[in-house]
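# Commentary on secondary and tertiary structure
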Amino acid sequence: MANLAGLNCEIIDGYGRTPTLLLKEDSVPNHSWNRIEINNKWYLCDATWSAGKTILEDGNPKFEPDYFDGYFFAEPELFAKNHFSINKEEIPLKDTENFTAFIEGPVIYKEAFLASIIPLSPQKMHVYIKKGDLVTFKLNLPDNFKEDKFQLLINTGGRQKTIQPNILRNQDEISLLHRFQKTGLHDVHILVDEDFVVTYVVKVKNAR
């Protein structure tokens, strides 16, 4: 379609990482997307993920149409959080993450692409701390984005609660701070208007 419209468009092969598809070191490439040139500038696009999703029906995969335009012209730094090219020079980033860092990163949801919310730290999905430690979840935001939209949904052993974290704002960066007072494994979901944006797993040990 791009060729018919007279646009330069290339196919990029690599790895796609979703909340339900976590990768391993020996995983094979599983996804393809595009980069397209418009007005002498290259943009990243994922028409496949924008078209819908695959669900299981009676144990069989079925495509469910669900148009979503957040993967068109996405910020390269955000796009690289769940897309890893085999030919890394095709992603216009100065410091592209290596594959190990890519698969160890937090889980990113499509809602992050709607508002261009880019998780900055922690850089790994699994965070190991001691009881009473303070964890800072830092994100990059558009200038006009309101910080009161954020909440943390914490699931511990099947019990979950939604909390309002302490928030620090510094221009286009926001820090969500929470002190973990209970040991155990905590799934920490960052929410924006009750939508999942990013997920971490925090393991808290006794402070000894």
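What this report covers is the structure whose coordinates are included nearby. (Residues numbered from 1 in each chain as written. Predicted model: local features only at pLDDT ≥ 70, side-chain atom pairs only at ≥ 80, totals over all residues. Heavy atoms only, no water.)

## Regarding unusual backbone geometry
- Cis geometry marks the peptide bond from Ser121 to Pro122; its omega dihedral reads 0°.
- With respect to the secondary-structure elements, Pro122 resides in the loop between strand 8 (118-121) and strand 9 (126-130).
- At Asn39, a residue that is not glycine, the phi angle is positive and equals roughly 50°.
- On the secondary structure map, Asn39 appears in the loop between strand 2 (31-38) and strand 3 (41-45).
- Phi angles above zero are rare outside glycine, and Ser116 is one such case at about 55°.
- Along the polypeptide, Ser116 turns up in the loop between helix 4 (111-114) and strand 8.
- Exposure remark for Ser116: the relative accessible area of 25% places this residue in the partly exposed category. (Helix = DSSP H or I, 4+ residues; strand = E, 2+ residues; numbered from the N terminus. Buried < 20%, exposed > 50% of the residue type's maximum accessible area, 1.4 Å probe, protein only.)

## Regarding the state of the cysteines
- This model, assessed by the stated rule, comprises zero disulfides.
- In this structure Cys9 is a free cysteine whose sulfur lies 7.2 Å from that of Cys45, the closest cysteine sulfur available.
- The class for Cys9 is partly exposed, based on a relative accessible area of 31%.
- A relative accessible area of 7% places Cys45 in the buried class. (Disulfide = S-S within 2.5 Å.)

## Quick look at a nonpolar patch on the surface
- Taken together, the side chains of Tyr67, Phe72 and Phe73 make up a nonpolar region of the molecular surface, amounting to roughly 340 Å² of accessible area.
- Of note, Phe73 is situated in the loop between strand 5 (60-65) and helix 2 (76-79). (Patch = residues over 30% accessible without salt bridge, like charges linked within 9 Å, V, L, I, M, F, W, Y side chains within 5 Å. Areas by Shrake-Rupley, 256 points an atom, 1.4 Å probe, with all protein chains shown as cover. Salt bridge = Lys/Arg side-chain N within 4 Å of Asp/Glu carboxyl O.)

## Comments concerning the sheet that holds strand 8
- With antiparallel pairing, the four strands of this open sheet are ordered in space as 8-10-14-13. Where the open sheet ends on each side, the last strands, each with one partner, are strand 8 and strand 13 (166-170). Across the sheet, the mean angle separating the axes of adjacent strands is 25° when strand polarity is ignored.
- Inspection of the sheet shows strand 8 paired to strand 10 (residues 134-140) by three bridges, in the antiparallel sense. Paired with Ser121 across the strands is Lys138, a residue of strand 10. (Pairing = 2+ DSSP bridges. Axes fitted to C-alpha atoms, helices over the stretch in contact; angles between N-to-C directions.)

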